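# Remarks on the overall topology
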Amino acid sequence: MQAFVDQLIQEGYFPGLPKEIIYLGAMLLAALVVLSFFVAPLAGITSWLERRVWARMQSRVGPNRVGPQGILQWLADGIKNLLKEDIIPSAADKWLFVLAPYIVFVGFLATFVVIPFGSQLIVADLNIGIFYLLAVTSLVVVGILMAGWASNNKWSLLGGMRSAAQIVSYEIPAGLAVLTIIFVAGTMSMQGIIKAQGWAPWDWFLFYNPFTFVAFFLYFTAALAEGNRTPFDIPEAESELVAGYVTEYSGMRFLFFFFAEWGNLYVIGAIATTLFLGGWQVPPVTDNPVLIGVLQFMVFFLKAYFWVFVAMWVRGTLPRVRVDQLMSACWKYLVPLSFVSLLGTAAWMVLYPKGNRLASFGMFLMGVAILLLFFKRVNYQIRHSRPEIYWKPYI
Amino acid sequence: MELATVIFYLIAAVTVGSAAMVAFSRNIIHSAFSLLGTFAGVAAIYVFLGADFVAAVQVLIYVGGILVLILFAVMLTHRITDVRITNRAVGRIPALAVIGVFLFLLVQTIRETPWQKAKEILYSPTTAKIGDLFLGNYLLPFELASLVLLAALIGAVVISRKELKE
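Residues numbered from 1 in each chain as written. Chains lettered and ligands numbered in written order. Predicted model: local features only at pLDDT ≥ 70, side-chain atom pairs only at ≥ 80, totals over all residues.

### Regarding the overall build of chain B
Looking only at helices and strands, chain B features 6 helices and 0 strands. Taken from N to C terminus, the helices and strands of chain B fall in the order α-α-α-α-α-α. Taken over 166 residues, chain B has a buried fraction of 14%. Residue pairs at least 24 apart in sequence account for 52% of intrachain contacts in chain B once pairs closer than 6 positions are excluded. (Helix = DSSP H or I, 4+ residues; strand = E, 2+ residues; numbered from the N terminus. Buried ≥ 20, exposed ≤ 12 C-beta atoms within 10 Å, placed from the backbone. Contact = placed C-beta atoms within 7 Å.)

In structure tokens form, the structure reads like this:
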């Protein structure tokens, strides 16, 4: 984006203004555009879709009244929450209580700076890209602890503490899985990592070697835990903690937390896509730069959104784990496994400095075989659990 | 005044301001949360100096790790706010003396250091260079630091382990 702004300055669009002021204006404009035209609708529609998908999995209807199939439900919810009374408990620590949602929100929104939607479509291709991403998301923990403590409520405090313990623990396997890919790509820049992969599935880092294949699932599991998603949603476990650290929040502040949670789902998908699934790489089908840009954006968006759907699916399928199970899963299984994948990849790189194409192809075929088996199994289950399949939503 | 100077003083004001909050706040939780501003301000100074990797590490380690640990310690400590200090004056006079000595040392160091002004600001990637130095010239300090951390880790395990009683 900086190149574009520089070009505008060169062509004399802003005479007499210092360069820094123009950059500041450009940054504010970019933040505004990204927030209001991409992140807000994305988080909103994800919230609606999650409720619909979840309802369908539980044989319910879900929100279907506002707009076609209820797609505008998020706008109605937003307006409702804006109009609600903003309650600050009298025993709460007022300043911290007010500040907490913003810190969570900043930690979430700052990730969009380095998410590469296309070869040209990125706010800033930082040279420490993925590392920056890991760093800014750690702000969320502080916000959650702040919310938990400032509410002056034991459910909130317990939720905040659980959340912080969980995020701090799961950051380790997630970070190690990311490190595996940094090894292979030899760069931390998001665009650099994508450019090191190809458009074909067997050129993706997912199939680079058996260890990166494992690292992908480690990353996805750890990221779900970091995002406080079921089956790892013990910080807001409704059956034990009312609503965890958001118990005392109401109106728009409450919405900020969930806005960040739903938006964060997409960020998880985007990181997984960038690191393991070839990002925006498209096959060379056209020379038109605009068309290529649109195609890249669509490919990236669909890949990332598929993982959002998988997260909803997991949430609709699995029960919540207990606190001790959560911690032992992280420290006894995920952390050692991620160390194995890290060392294995390092050894693989020593053995095959240029990568092993045959192995990649074999891994790809194995992935396809796993998918086929999975679909066979699901098909079997569906045929045996219901007399008839309704392909169309019947309400 | 140059724009860069203005930005520097803004960052410095945030850093020093929240550090003052840490020191003077009567509520220990507020002190702990004010550290967020201090750490973020220091990270901003690193960014300002073009040290991108160090800035990200600063946020990741200090905000994501150390601050959370401090908050945990404060929140888990039973009745931490109820500590009664009976004789405040005893603490103040030695503290003033120590602060005075430190201030003198700091000012002296700042005055005696031959500061050089960079002629040209080069913003180049630093990560690879840091890695080379860690595994080259500074291998021994690097490994020693990891050894110290490992010792601390084992110490923590030993302290927190439940002793089995017959």
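There's more to say after this.
### So, the packing of helix α4 (residues 94-109) of chain A against helix α11 (residues 251-276) of chain A
Residues and elements named next belong to chain A. In contact at an axis separation of 9 Å, α4 and α11 are set at 20° when each is read in the N-to-C sense. By the criterion of interaxial angle, the relationship of α4 to α11 is roughly parallel. Note that α4 runs across α11; the crossing there is left-handed. Residues Pro101, Val104, Phe105 and Phe108 of α4 lie in contact with α11, whose contacting residues are Arg253, Phe256, Phe257, Ala260, Gly263 and Asn264. Across the contact of α4 with α11, the residue classes break down as 7 nonpolar, 2 polar and 1 charged. (Axes fitted to C-alpha atoms, helices over the stretch in contact; angles between N-to-C directions. Parallel < 35°, antiparallel > 145°, perpendicular 65-115°, else oblique. Left-handed = near helix turned anticlockwise from the far one by under 90°. Nonpolar A, V, L, I, M, F, W, Y, C, P; charged D, E, K, R; others polar.)

### Some remarks on the interface of chain B and chain A
Taken together, the contacts link 18 residues of chain B with 23 residues of chain A. For the side of chain B that touches chain A, the secondary-structure elements that each account for two or more residues are α2 (28-48) and α3 (52-76) of chain B. It is α3(B) that provides the largest number of residues to the side of chain B that touches chain A, a total of 12 residues. Of the residues contributing to the side of chain B that touches chain A, the split by class is 15 nonpolar, 2 polar and 1 charged.

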